[in-house]
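# Structure assessment
Listed here are the chains, written in short residue letters.
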Amino acid sequence: MLALVGACDALMLGKLNQDSMAAVSLATQVTFVFNLFMAAFIIGENMFVAQYYGKRDYAGISKVCSLVLWVSCITAVIFMAAAMIFPEDIMRFFTNEPELVLLGSGYLRMVGVSWILSAVSQVYMTFMKNCNAVNLSTVISSTTVVLNILLNAVLIFGLAKVPAMGVAGAALATVIATAAQTVLCVVYVVLRRGELEVSLWEMNWAPIGLRKRRKPGRH
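One structure accompanies this document, and this report is about it. (Residues numbered from 1 in each chain as written. Predicted model: local features only at pLDDT ≥ 70, side-chain atom pairs only at ≥ 80, totals over all residues. Heavy atoms only, no water.)

### Focus: the environment of Asn35
The residue Asn35 is located in helix α2 (residues 18–54) in this model. Asn35 sits in the buried class, given a relative accessible area of 16%. (Helix = DSSP H or I, 4+ residues; strand = E, 2+ residues; numbered from the N terminus. Buried < 20%, exposed > 50% of the residue type's maximum accessible area, 1.4 Å probe, protein only.)

And the structure:
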């Protein structure tokens, strides 16, 4: 689903012109690298959260999720800062064409915001998948892709009396769709965390054995 969001941007910009499609296709390579980092973090989180949820070890879930959340957000901030400060230099790793560098740089500056949102939503979504909400997480992911496609159509081509934004519209559509995904995930987890007594934003990095464990309860 993550890869599909970037692919939709490039494919729909192909209807606009070839330069826009090529520039965004190259720029999304940065998103691909960021997603590799996220995949590494999420795979580890998946393994531990599934194990701890099976044992009703909610202190363990808190520790793992909060650690992965902070590490993911720090990684996202680094990527976003690079995309906003050095977008031209990043694009020159992929092409020397001035037009492609210019278009891709504008896309990177805007789409970098979505990486922080994606970092949060992916950590929360992993929590959902391992805590009896896998169907809902799939629905949210699918909705994000559909919303991104609809927003691309409106913002890239200027439908429904909205000014055509081209490449900037594709980036803005990605940010909005990712923000919607993040809000849905956070709302669900915030409502659910009271039941499980997990704490995702606190610095729960102390060894699990040093903290009081919650007795098994409903889940």
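### A few points about the state of the cysteines
For the structure on display, the rule yields zero disulfides. Among the cysteines around Cys131, which has no disulfide bond, Cys65 carries the closest sulfur, lying 7.1 Å off. For Cys131, a relative accessible area of 0% translates into the label buried. (Disulfide = S-S within 2.5 Å.)

### A look at the packing of aromatic side chains
A complete count under the given rule lists five aromatic pairs for this structure. Taking 5.5 Å as the distance between ring centres and 65° as the angle between the ring planes, the aromatic pair formed by Phe34 and Phe79 counts as edge-to-face. Of this pair, Phe34 sits in helix α2 while Phe79 sits in helix α3 (residues 58–85), placing them 45 residues apart in sequence. Its relative accessible area of 0% is what places Phe34 among the buried residues. According to the relative accessible area criterion, Phe79 is buried, its value standing at 17%. Ring centres 5.5 Å apart and planes at 70° place the aromatic pair Phe37 and Phe79 in the edge-to-face group. Separated by 42 residues along the polypeptide, Phe37 in helix α2 and Phe79 in helix α3 bring together distant segments of the chain. We classify Phe37 as partly exposed; its relative accessible area is 39%. Members of the aromatic cluster, joined through ring pairs, are Phe34, Phe37, Phe79 and Trp115. Note that Arg56 overlies the ring of Tyr53, its terminal NZ or CZ placed 5.2 Å from the centroid. (Phe/Tyr/Trp six-rings, centres within 6.5 Å; stacked < 30°, edge-to-face > 60°. Lys NZ or Arg CZ within 6 Å of the ring centre and 35° of its normal.)

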